Amino acid sequence: MSKKVTKIGVLTSGGDSPGMNAAIRAVVRTALYNKMEVFGIMHGYTGMVEDDIIKMDGRSVANIIQRGGTILKTSRCIEFMQPEGRKKAYENLQKRGINGLVIIGGDGSFRGAQTFSNEFDIPCIGLPGTIDKDIAGTDYTIGFDTAANTAVEAIDKIRDTADAHDRLFLIEVMGRDAGYIALHSGIATGAENILIPEKKTDIDQIIQSLEEKEKRKKLVNIIIVAEGDEFGGADELSKLIKNKLPKLETRVCILGHIQRGGSPSCMDRVLASRMGYHAVESLIEGRHNVFVGIVNNKMNYTPLNEAVKKKQRISESWMQMVKILAT
Ligand code: F6P
């Protein structure tokens, strides 16, 4: 693992997130500055398995820092989960002499990188690119800030119409396993309740408080529901509430994939640039098989095998604050 890295492959994998392009740009430009060759691997690990790999230069990343999505495309690759798929991938890298990899993605993508680097002599560096912010070892992930701001903008608009009609709105945000978008966007929009997969919800208490608000004629209510909450999302929750409180005017709005697209925020562009730059520095310095995070505004390096085991924890004090501020 101590060989000098001279040819880097970069790929984006799993769900795309705004800022991935900024990260690709930073990796490519830093590598070229250090006289390395850089290859873009298309469609995540699929490009490695199917030999869809392109040479990149400074111009191939021009005018992309402001664009959402990923110019390298992405996928969730089943073949790479099999040893035969990974062997093919290795052979395709070897053909070009690629001897270092930067993987921009979430925990599933890091799991793939960890397995690959255990099997073959290729150092891997991970960059946390996911709107879910559910990776321990970094305060922020690339794309989270943009996604949360997209949700906030939409929820603010919904509150206007909720207020005009005195309605309860159940707004579903993304997060199959993680409640960070729900938590942040809910706090930022003054939501009355926030339901997340990490915490059990006291549904009787929610019904009781809605009943009481109905009596007080405080009818405008916004409840933010992460898609992976225990009831199965906003539609299911709505049925449950309607069953108990049939007179309450309730509407559901599912924000969906608009949260994944769009131009990255300033914060995500800067975060992605810093992480991309430090990913290449890590390969040069021999700091291998880690993912680059940011903790207290300083770069932080977590071994890939630790990153795959841990999730960020949502602290009880945040949940307590949510309760107090929503009263
Ligand atoms: O990228 C993470 C995420 O957006 C989750 O929040 C969401 O549950 C999932 O991806 C949706 O994935 P897909 O676009 O494949 O349906």
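Residues numbered from 1 in each chain as written. Predicted model: local features only at pLDDT ≥ 70, side-chain atom pairs only at ≥ 80, totals over all residues. Heavy atoms only, no water.

Enquirer: Please set out the overall build of the chain residue by residue, giving values where relevant.
Expert: Looking only at helices and strands, the chain has 11 helices and 11 strands in total. Scaling as 2.2 N^0.38, a compact globule of 327 residues should have a C-alpha radius of gyration of about 20 Å, and the chain matches this with 22 Å. A principal-axis box enclosing the C-alpha atoms of the chain has dimensions of 70 × 35 × 35 Å. Put simply, the chain has 327 residues, and 55% of those count as buried. For the chain, restricting intrachain contacts to residue pairs at least 6 apart in sequence, the fraction spanning at least 24 positions comes to 75%. On the chain, roughly 14900 Å² of surface is accessible, and the fraction owed to carbon and sulfur atoms is 50%. Put simply, the chain has 44 plus and 41 minus side-chain charges, and the middle of one group is 4 Å from the middle of the other. (Helix = DSSP H or I, 4+ residues; strand = E, 2+ residues; numbered from the N terminus. Rg over C-alpha atoms; globule rule 2.2 N^0.38 Å. Buried < 20%, exposed > 50% of the residue type's maximum accessible area, 1.4 Å probe, protein only. Contact = heavy atoms within 4.5 Å. Areas by Shrake-Rupley, 256 points an atom, 1.4 Å probe, with all protein chains shown as cover. Lys, Arg positive; Asp, Glu negative; His and termini not counted. Charge placed at Lys NZ, Arg CZ, Asp CG, Glu CD.)

Enquirer: Residue-level account of the packing of helix α6 (residues 180-188) against helix α11 (residues 316-325), with values.
Expert: Where α6 contacts α11, the axes come no closer than 11 Å and their chain directions differ by 35°. Relative to α11, α6 is oriented so that their crossing is left-handed. Contacts from Leu183, His184 and Ile187 in α6 reach Trp318, Met319, Met321 and Val322 in α11. For the contact of α6 with α11, the residue count by class is six nonpolar, one polar and no charged. (Axes fitted to C-alpha atoms, helices over the stretch in contact; angles between N-to-C directions. Left-handed = near helix turned anticlockwise from the far one by under 90°. Nonpolar A, V, L, I, M, F, W, Y, C, P; charged D, E, K, R; others polar.)

Enquirer: How would you sum up the sheet that holds strand β3 (residues 53-56)? Please name residues and give values.
Expert: Here seven strands make up an open sheet; going across it, the order is β3-β2-β1-β4-β5-β10-β11 and the pairing mixed. Edge positions in the open sheet fall to β3 and β11 (298-303), since each of these has one partner strand only. On average, each strand axis in the sheet is tilted by 30° relative to the strand beside it, whichever way the strands run. Pairing of strand β5 (residues 124-128) with strand β10 (residues 290-295), which is carried by two bridges, proceeds in the parallel orientation. From the neighbouring strand, Gly126 faces β10, where its bridge partner is Phe291. Most of the contacts of helix α1 (residues 20-33) go to strand β4 (residues 100-105), to which it runs at about 165°, and overall it touches β1 (7-12), β2 (37-41), β3, β4 and β5. (Pairing = 2+ DSSP bridges.)

Enquirer: How would you sum up the site of the ligand? Please name residues and give values.
Expert: Close to the ligand lie Gly15, Arg76, Ile131, Asp132, Met174, Gly175, Arg176, Glu227, His257 and Arg260, which account for all nearby residues. Taking Arg76, its side chain carries an N or O atom lying 2.6 Å from an oxygen atom of the ligand. Here Arg260 contributes a side-chain N or O atom positioned 2.9 Å from an oxygen atom of the ligand. Isolated, the ligand exposes 400 Å² of accessible area, and the fraction of that covered by the protein chains is 80%. Grouping the constituent residues of the shell around the ligand by class yields two nonpolar, three polar and five charged. Counting contributing residues per domain, the shell around the ligand is built from domain 1 (7-143 + 264-307) and domain 2 (144-260), each supplying no fewer than three. (Near = heavy atom within 4 Å. Polar contact = N/O pair within 3.5 Å; in protein donor to acceptor, adjacent residues only side chain to side chain. Domains from an automatic or database assignment.)

Enquirer: I'd like a rundown of the domain arrangement of the chain, residues and numbers included.
Expert: Taken domain by domain, the chain holds domain 1 (7-143 + 264-307) and domain 2 (144-260). Centre-to-centre, using C-alpha coordinates, domain 1 lies 34 Å away from domain 2. On the domain 2 side, the residues contacting the 18 residues of domain 1 number 13 residues. Counting each side, the surface lost to burial between domain 1 and domain 2 is near 1200 Å², with a carbon and sulfur contribution of 55%. By the criterion of area lost to domain 2, the three top residues of domain 1 are Ile131, Asp132 and Lys133, representing 43% of everything that side buries. (Buried area = accessible area lost by both parts, 1.4 Å probe.)

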